[in-house]
Amino acid sequence: MNEKIKEIKKLESSPKVIKNLFNKEEIEEFLKLYKDLPTTVHNKKQNVIKKRWLQGYNEKLEKIFLERLKKEIGDFKMDNLKDEDGKDIFGLIQESRAPIGLHVDAGFEIKSQIYKQSLIPLSSVGSTVIFKNRFYNGSTNFTQDPEELNKKKLGYGQNKRSSEHLKLYGDKPFDKKIHEKYLRHENIDNLKGLEVELIYEWEVGSMLVFDRTHLHCSSSIIEGNKIGIATFTKI
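Now for a look at the structure at hand.

Rules of the game
Residues numbered from 1 in each chain as written. Predicted model: local features only at pLDDT ≥ 70, side-chain atom pairs only at ≥ 80, totals over all residues. Heavy atoms only, no water. Phe/Tyr/Trp six-rings, centres within 6.5 Å; stacked < 30°, edge-to-face > 60°. Helix = DSSP H or I, 4+ residues; strand = E, 2+ residues; numbered from the N terminus. Buried < 20%, exposed > 50% of the residue type's maximum accessible area, 1.4 Å probe, protein only. Polar contact = N/O pair within 3.5 Å; in protein donor to acceptor, adjacent residues only side chain to side chain. Contact = heavy atoms within 4.5 Å.

What follows covers the packing of aromatic side chains. Scanning all chains against the criterion turns up 6 aromatic pairs. On the basis of an interplanar angle of 50 degrees and a centroid distance of 5.2 Å, the ring pair of Trp 53 and Phe 65 is categorised as tilted. With Trp 53 in the loop between β3 (48-52) and α3 (59-73) and Phe 65 in helix α3, this pair connects stretches of sequence that are 12 residues apart. Looking at Trp 53, the relative accessible area reads 0%, which means it is buried. With a centroid separation of 6.1 Å and 65 degrees between ring planes, the pair formed by Phe 131 and Phe 174 is classed as edge-to-face. Of this pair, Phe 131 sits in strand β8 (residues 127-134) while Phe 174 sits in the loop between α5 (165-168) and α6 (176-182); the two residues are 43 residues apart in sequence, bridging distant segments of the chain. An aromatic cluster is present here, built from Phe 22, Phe 30, Trp 53, Phe 65 and Phe 90 joined pairwise through their rings.

Structural data, given as structure tokens:
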């Protein structure tokens with residue numbers, strides 16, 4: 001086994017939800033931050049707006065976030081994209097009106113030792129499905145869609161496309177009840193061999209922390225739109 005993967009596995013753990021981590025005023029500050037930040041991507045096909053959490057827009061909030069995340073996961077370095085000046089960004093704030101498909105946020109730099117990622121909901125309706133299955137070969141969208149699989153010219157920070165997961169985890173049919181309730185946007189055959197570890201029902205003020213090797217996706221439960229902050233760390 002690759003030495004880097006061995007080191008990553010040593011620090012893996014079950015996903016955890018920290019409730020009541022942010023108060024109402026802090027959530028309001030996060031929402032104001034989202035409003036103030038410039039739009040990075042507006043993907044009209046996916047109905048998604050992404051904004052990079054750039055440094056300097058709310059230094060008090062940056063300090064609060066870093067201190068509370070460190071309390072939960074220990075020492076870490078940020079492993080988000082860089083801004084135009086080469087400075088770390090704190091994460092991505094995403095507003096979506098359609099569910100995000102099956103993927104893994106396992107990084108873009110092969111030499112990095114990926115660690116944990118966090119999700120902070122800024123709206124109350126939504127859920128995130130974390131699978132027991134793991135993947136160690138970079139940030140990837142998992143799909144059977146031929147059009148998606150043919151996409152080779154990817155920009156900075158874009159996930160590669162792959163159907164490799166269908167060979168890795170066996171061909172046990174996915175749970176039909178879970179599919180019907182949470183994952184109607186996904187082709188059930190694309191979920192073969194996958195087992196659910198946690199379904200995180202969004203709750204404003206809480207934070208989800210999980211390993212970056214976990215396959216995961218949004219649920220199909222959305223009312224209008226949902227906004228959340230995703231951040232990624234390394235050791």
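Bringing the side chain of Arg 212 into the picture now. Within the secondary structure layout, Arg 212 lies in the loop between β12 (207-211) and β13 (214-218). In terms of polar contacts, Arg 212 uses its side chain to reach the side chain of Asp 79, at 2.7 Å.

Relative to the helices and strands, Ser 206 is located in the loop between β11 (196-201) and β12. Polar contacts involving the side chain of Ser 206 include one to the side chain of Tyr 200, which spans 2.6 Å. Within the local environment of Ser 206, its side chain forms a polar contact with the backbone oxygen of Glu 203, the two atoms lying 2.7 Å apart. Residues within four places of Ser 206 in sequence aside, it is in contact with Val 17, Ile 18, Lys 19, Asn 20, Phe 22, Leu 119, Ile 120, Pro 121 and Tyr 200.

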